[in-house]
Amino acid sequence: MTTETLERSVDLAGQTGFGDLYARVQRFYAHQMQLFDLHDADRWAATFTEDAVFSVPTLDAPVRGREGLVANVLRNRRRQEESGEQHRHWIGMLDVRPGPDGTLRTRCYALVYVTPRGGGSRLLRVCVMEDELVPAGGDWQTRRRVVTRDDLA
Amino acid sequence: MTTETLERSVDLAGQTGFGDLYARVQRFYAHQMQLFDLHDADRWAATFTEDAVFSVPTLDAPVRGREGLVANVLRNRRRQEESGEQHRHWIGMLDVRPGPDGTLRTRCYALVYVTPRGGGSRLLRVCVMEDELVPAGGDWQTRRRVVTRDDLA
Amino acid sequence: MTTETLERSVDLAGQTGFGDLYARVQRFYAHQMQLFDLHDADRWAATFTEDAVFSVPTLDAPVRGREGLVANVLRNRRRQEESGEQHRHWIGMLDVRPGPDGTLRTRCYALVYVTPRGGGSRLLRVCVMEDELVPAGGDWQTRRRVVTRDDLA
């Protein structure tokens, strides 16, 4: 059984401009996930802050900083070149909450699909992803990410 | 073969503020589905009106009112505690149409993913979900929900 | 390994009205995919320009124009009536980029789920979809679509 809890969201429903905010965050994630699946290491890492902390159960320890993030993508690229598999990371059920200091806290579901060359696609993993986003040049950067896997819950 | 039909959507494309409306509805569902998957019975039920009617094929009869909704979530919680499975409800392809009286009618696809503890995730179900939403304190509440399952179509 | 590349997106983050634009495009796709899965051939074809070009690996050659699009949907309907399967097309990770001339270029992931009557749902296909959208009466129409399949990458 999950031990997650869900914070009560700040009510943004009435706030003007929520549409812009929410759309920008959705687009941020669309772009970030596409770059990740393309193994575009540098541009993907640039969607995180220099000092970003990335915690995901598939890694032994949290990744700290862009250098580690880049290395992680390049390792994925090597593995997938060897295996001939294409991964797709997909997020949804996105909740966005503004923090006290202009930062955003997000909570969403994340799916990973994998497709071997010439083979059948399958769902690889179901996760919950929680981010802290900071404003960066009219867009966002992820400062902290915590991913939990349903199979390890 | 499906016997569904799709109403012609009111054209909202040009309407100012559609971005806010659509984002708020997306966030409403993200929150509602997260609460459901967390078995947060009371807060989930509070996203429905007191007199909500919830029709879903997996129940023998429509659930009427929050009490029944709460009981439904608590039953899910017991089952999933026993089975050690985590369910995730995910909606997409969301169409939003304003009704005559400030209500909204929505039609979307709904997926259910299930992950056994330590096991592989799988797609459990593909559904179509149609809601009637009413304004509630700057947010929304579901007054009526009809879910159809593709496997039973 | 994918050979895709991802264009640097025009920065829309700061642009006012991005929320409206993004929501309208999301709703456009929700509607277009629902019509496709309902085999509503004429209304689905009307979401494309008269001279639309639709390239998808499952077809021997690109479909050109609405007549071909309608024929394609009717063929799908016949096949699915025979097989008793319901398909659902689902897009996500939507990136939207305004073109030079009021057109939009979009890049998203597309999934196809299939559910046999009385049977288990499954993920049929993982694709990447790239569209050129043109304004049409306050909404959009697809002028050009290129779909690539991960299993054929």
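Whatever comes next refers back to the structure up there.
Residues numbered from 1 in each chain as written. Chains lettered and ligands numbered in written order. Predicted model: local features only at pLDDT ≥ 70, side-chain atom pairs only at ≥ 80, totals over all residues. Heavy atoms only, no water.

Visitor: Can you help me understand the relation of the copies chain C and chain A in this one?
Guide: Superposing the two chain copies requires a rotation about an axis and a translation along that axis. Least-squares fitting of chain C to chain A yields an RMSD of 0.0 Å, with the transformation described by 0.0 Å of translation along the axis and a rotation of 120 degrees. Given the turn and translation reported, the copies of this chain are related as if by a three-fold rotation axis. Minimal C-alpha distance to the rotation axis in chain C is attained by C:G19, lying at 2.7 Å. Little of the interface of chain C is mirrored in chain A, where only 17% of its interface residues again form contacts. (Least-squares fit on C-alpha atoms with pLDDT ≥ 70 in both. Contact = heavy atoms within 4.5 Å.)

Visitor: I would appreciate a short explanation of the sheet that holds strand β6 (residues 139–149) of chain C in the present structure.
Guide: Note: strands within a sheet are paired through backbone hydrogen bonds, in either parallel or antiparallel orientation. Here 6 strands make up an open sheet; going across it, the order is β2-β1-β6-β5-β4-β3 (chain C) and the pairing mixed. Each edge of the open sheet is held by one strand with a lone partner, namely β2 (63–64) and β3 (85–98) of chain C. Looking at chain direction, β3(C) and strand β4 (residues 104–116) of chain C are connected through 12 bridges and run antiparallel. What sits directly across from C:H87, in β4(C), is C:V114. Its contacts with the sheet put helix α1 (residues 18–37) of chain A on β3 and β4 of chain C, and the angle it makes with β3(C) is roughly 100 degrees. (Pairing = 2+ DSSP bridges. Helix = DSSP H or I, 4+ residues; strand = E, 2+ residues; numbered from the N terminus. Axes fitted to C-alpha atoms, helices over the stretch in contact; angles between N-to-C directions.)

Visitor: Just to check I follow, could you spell out the pairing of strand β4 (residues 104–116) of chain A for this structure?
Guide: When a strand is regular, its side chains alternate between the sheet's two faces. Residues and elements named next belong to chain A. A large share of β4 lies buried, amounting to 11 of its 13 residues. A loop of 5 residues connects strand β3 (residues 85–98) with β4, the two strands running antiparallel in sequence, and G102 in this loop sits at a positive phi of about 85 degrees. The sheet contact formed by β4 and strand β5 (residues 122–136) spans 11 bridges and is antiparallel. When the bridges of β5 are listed, V112 appears paired with R125. Following β4, the chain reverses through 5 residues before pairing antiparallel with β5; G118 in that reversal takes a positive phi of roughly 75 degrees. (Buried < 20%, exposed > 50% of the residue type's maximum accessible area, 1.4 Å probe, protein only.)

Visitor: Could you clarify how one ought to interpret the interface of chain A and chain B in this entry?
Guide: When the parts of a complex come together, some accessible area is lost, and that lost area is often used as the size of the interface. At the junction of the two partners, chain A supplies 41 residues and chain B supplies 35 residues. Across the chain A to chain B interface the summed buried area is about 3000 Å²; carbon plus sulfur atoms make up 57%. For the pair chain A and chain B, the number of links is 2 salt bridges. With a shortest N-O distance of 2.8 Å, B:R88 and A:D150 are connected by a salt bridge. Applying the counting criterion to the chain A and chain B interface returns 9 residue pairs in polar contact (both at pLDDT 80 or more). Among the secondary structure elements, those contributing two or more residues to the side of chain A that touches chain B are α1, β3, β4 and β5 of chain A. Among the elements that take part in the side of chain A that touches chain B, β3(A) stands out by supplying 7 residues, more than any other. (Buried area = accessible area lost by both parts, 1.4 Å probe. Salt bridge = Lys/Arg side-chain N within 4 Å of Asp/Glu carboxyl O. Polar contact = N/O pair within 3.5 Å; in protein donor to acceptor, adjacent residues only side chain to side chain.)

Visitor: What am I meant to see in helix α3 (residues 66–83) of chain B here?
Guide: Helical periodicity: at 3.6 residues per turn, an α-helix aligns residues three or four positions apart in one direction. All names here are of chain B. Helix length check: α3, at 18 residues, gives a terminal C-alpha distance of 26 Å against a target of 26 Å (1.5 Å per residue), a fit within 8%. Along α3, the residues that are buried comprise L69, V70, N72, V73, N76 and Q80. Buried positions in α3, seen along its axis, are confined to an arc of 160 degrees and lie on one side of it. Facing away from the buried side of α3, by more than 90 degrees, are the exposed residues E67 and E82. The positive-phi residue at the C-terminal boundary of α3 is G84, with phi of around 70 degrees. (Expected span 1.5 Å × (residues − 1). Arc of directions from axis to C-beta.)

Visitor: Explain the interface of chain C and chain A here, please?
Guide: Listed per partner, the contact involves 41 residues of chain C and 35 residues of chain A. Around 3000 Å² of area is buried between chain C and chain A when both sides are counted, 57% of it from carbon and sulfur atoms. The interface formed by chain C and chain A contains 9 residue pairs in polar contact (both at pLDDT 80 or more). In terms of residues, the side of chain C that touches chain A owes the most to one element, β3(C), which gives 7 residues. Of the residues assigned to the side of chain C that touches chain A, the class counts are 21 nonpolar, 10 polar and 10 charged. (Nonpolar A, V, L, I, M, F, W, Y, C, P; charged D, E, K, R; others polar.)

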